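A closer look at the structure
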Amino acid sequence: MATHKAKANPTKAFFVRMLTRDISLDDCILDLVDNSIDAAWKLSGARPTALQSDSSLKDYKIDITISEDTFSVSDNCGGISFDDAAKYAFTFGRRDEQARGDYSVGVYGIGMKRAVFKLGRQIRISSTYRVDNYLQGFFVPIDVKRWLEAGDEAWDFEIEDVLPEDEPGVSILVTDLLDEVKEKFSDPTYERRLRRMLARDYMIPLMRGLQINVNSEPVSGWKLELRQNENFAPMRTKYEDERVNVEIVAGMGSPPPDDREPDEEKGLDISGWYVLCNGRIVLAADTTALTGWGASLPRWHKQYSGFVGVVFFSSENPELLPMTTTKRSVDVSSRVYQRALARMHEPARAWINYTNARKQNIETVKELEKQVVTKEVSEVIPRAELKVPEVARPATRERMANVNYSVPLNRMKALAAGFGNSRMSYREVGLESFDYAYQELADEDS
Ligand SMILES: Nc1ncnc2c1ncn2[C@@H]1O[C@H](COP(=O)(O)OP(=O)(O)O)[C@@H](O)[C@H]1O
Ligand SMILES: [Mg+2]
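Within each chain, residues carry numbers counting from 1 in the order of the written sequence. Chain letters start at A and ligand numbers start at 1, both assigned in the order the entries are written. It should be noted that, the model being predicted, local features are given only for residues of pLDDT at least 70 and side-chain atom pairs only at 80 or more, the latter also being counted only at that level, while totals for whole chains, interfaces and linings use all residues. Hydrogens and water molecules were not included; the side-chain quantities draw on all heavy atoms of the structure.

The name an unreviewed UniProt entry gives the chain is ATP-binding protein, with Sphaerisporangium corydalis as the organism.

What follows is the structure, given as structure tokens:
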């Protein structure tokens, strides 16, 4: 029987369109930074396995420049070797034989290609890498238009030799930017936004000494701090689950609000959960059902503000981590994540209960919340549970009645004299006469 074949090879144009469709420009830029950071961890020998602060990445640097017509990112994190470039790095999708692991965040082997296609049409990826004791260099030029026009049979990119730079590292230059990219980069507020995103999403590597510059200005990492005193102490716990290390820290980031200002007036609220995978933030200040609020916990509202929690997942094999392909959210279907969620609920519940009780006795709790010291999350001491004070409900006060009446002045004076003190205040005369009548007519004990 004659067999025929239906042509099923993808077209390049399809690839470029599909790859870049559902990911934002920002996430593409972060993908490039992720690659540099993956390389930095690898070269330094340090691992993003715990929330800690040290200087193990202090020799590594990532420089990002953006302007109306150029984007570039370059690092000194070791570079791509010629062999890796020829075999894997430029392949769309990870090859099965490519080594995995090393606590990276790269999983699918697509980030770099997707990012450069999202940015522009003239691309130059250069690498300087070490071979034994000397440095070598190559670059891969990609002229997207020509590559597309070359037809769907020829997918490969050329690798060209070039003199090495002073240090091993990768440098990516994109010009002929796409119109939407140009537009974004020429917005005067974009640089600030990018900087803020980098400061937050890479607070772990920054905490460990990595340097990131945007247009030559260093980015300083976010600090997540928790407050403690004799009444409050954050929880911190660590366990392993299906070859994933999980560390949870949660506590009071700031005191809960007590005024009645409307929600819109609060500034940037850092409250909520931070989920990290191999040191990369995938969810920040989350107060949605992804972290249980409005699902197994009550819906988040302003009363809970001040709660800060961090969940840190790390694994040698990034495929095991509960993150989505864009690294922009958690994979809630992950069992590792579901089990972590159950543990995350414990401090969240303690906080919910505390803020409920707090409302009843606001003056007392404000005292209890004073004299706190702040500790960076990495410095929090292990503790099984979040410690919050037991807030007693205020003693229920008797309901009172107010009396207010008028009598002729001379009769008031006569009654005061009758009580033995003609200069008694009217109020005292009133109280005395009430007690007098009460004893006579109402008090059962007498
Ligand atoms: N800045 C870099 N430094 C060192 N190696 C890099 C760098 N960028 C990319 N690579 C190499 O290129 C490969 C492909 O990158 P990418 O397309 O982002 O996929 P992934 O990160 O999922 O592997 C990486 O696995 C890595 O080996
Ligand atoms: Mg990558």
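1. So, the sheet that holds strand β3 (residues 120-131)
Under the convention used in this document: We call two strands paired when DSSP finds no fewer than two bridges between them. Strands are runs of DSSP state E lasting at least two residues, helices are runs of H or I lasting at least four, and both sets are numbered from the N terminus onward.
Taken together, eight strands build an open sheet; the order of strands is β5-β4-β3-β6-β2-β1-β7-β8 and the sheet is mixed. With partners counted over all chains shown, the strands left at the sheet margins are β5 (160-162) and β8 (217-218), one partner each. Taken together, the three bridges between strand β4 (residues 134-143) and β5 define a ladder with antiparallel strand orientation. Looking at β5, one finds that Gly137 is bridged to Val162.

2. Looking at helix α3 (residues 82-89)
Heads up, the rule is: Buried means the residue's accessible area, taken with a 1.4 Å probe over protein chains only, is under 20% of the maximum for its type, while exposed means over 50%, and partly exposed covers the values in between. As used here, the arc is the angular range of directions from the helix axis to the C-beta atoms. Between two residues, a contact is recorded if the distance between any of their heavy atoms is within 4.5 Å.
Taken together, the buried positions of α3 are Ala85, Tyr88 and Ala89. Taken around the axis of α3, the buried residues stretch over an arc of 115°, which confines them to a single face. Residues of α3 that are buried sit in contact with α4 (111-119) and β4.

3. Considerations on the side chain of Gln303
Put simply, the rule reads: What qualifies as a polar contact is a pair of N or O atoms within 3.5 Å, subject to a donor-acceptor requirement within protein and to the restriction that residues adjacent in sequence count only when both atoms come from side chains.
In this fold, Gln303 is placed in the loop between β13 (280-286) and β14 (307-314). In this structure Gln303 comes out as buried when scored by relative accessible area, which is 15%. Here the side chain of Gln303 touches Thr355 through a polar contact of 2.9 Å, side chain to side chain. If sequence neighbours within four positions are ignored, Gln303 has contacts with Pro256, Pro257, Ile352, Thr355, Asn356 and Lys359.

4. Section: the packing of helix α1 (residues 12-21) against α4
Applicable threshold: Here an angle of 0 to 180 degrees is reported between the N-to-C directions of two axes, which are lines fitted to C-alpha atoms, with helices fitted over the stretch in contact. These descriptions rest on fixed angle ranges, namely under 35 degrees for roughly parallel, over 145 for roughly antiparallel, 65 to 115 for roughly perpendicular, and the rest for oblique. Residues are grouped as follows: Ala, Val, Leu, Ile, Met, Phe, Trp, Tyr, Cys and Pro are nonpolar; Asp, Glu, Lys and Arg are charged; all remaining types, including Gly, are polar.
At a minimum axis distance of 9 Å, the contact between α1 and α4 shows a crossing angle of 95°. With respect to each other, α1 and α4 are oriented roughly perpendicular. Contact residues: Val16, Leu19, Thr20 and Arg21 in α1; Arg114, Phe117 and Lys118 in α4. Of the residues that constitute the contact of α1 with α4, the class distribution is three nonpolar, one polar and three charged.

5. Things to note about the layout of surface pockets
Rule in force here: Every definition here rests on a 1 Å grid over the protein atoms only: cavities are sets of points where a 1.4 Å probe fits but cannot get out, pockets are open sets enclosed by protein on both sides within 12 Å along at least five of seven lines, and lining residues have some atom within 4 Å of a point. Grid points are joined across faces, edges and corners, and a volume is the space filled by probe spheres set on the points. The domain limits used here are those given by an automatic or database domain assignment.
In this model, the largest pocket occupies a volume close to 1300 Å³. What lines the largest pocket is a set of 49 residues, among which Asn35, Asp38, Lys42, Arg94 and Gln98 lie closest to the centre. When residues of the lining of the largest pocket are traced back to their parent elements, those giving at least two are α2 (25-44), β2 (70-75), α3, α4, β3 and β6 (169-177). Broken down by element, the residue count for the lining of the largest pocket peaks at eight residues, all from α2. Looking at the lining of the largest pocket, its residues break down into 22 nonpolar, 13 polar and 14 charged. In this structure, the lining of the largest pocket is formed jointly by two domains, domain 1 (12-218) and domain 2 (225-379), each of which donates at least three residues.

6. A word on the domain arrangement of the chain
The domain boundaries assigned to the chain delineate domain 1 (12-218), domain 2 (225-379) and domain 3 (409-441). Once you take the C-alpha centre of each, domain 1 and domain 3 turn out to be 90 Å apart.

7. A few points about empty space enclosed by the protein
Here the idea is plain: a probe the size of a water molecule rolls over the atoms and shows the empty space left. Inspection of every chain in the model, using the stated rule, returns one cavity of 30 Å³ or more. Here the largest cavity defines a volume of roughly 50 Å³. The wall of the largest cavity is formed by Asp34, Ile37, Asp38, Trp41, Val105, Tyr202, Pro205, Asn278, Gly279 and Arg280. When residues in the lining of the largest cavity are grouped by element, the largest group, four residues, is from α2. Looking at the lining of the largest cavity residue by residue, the classes come out as five nonpolar, two polar and three charged. Of the residues that make up the lining of the largest cavity, three or more belong to each of domain 1 (12-218) and domain 2 (225-379).

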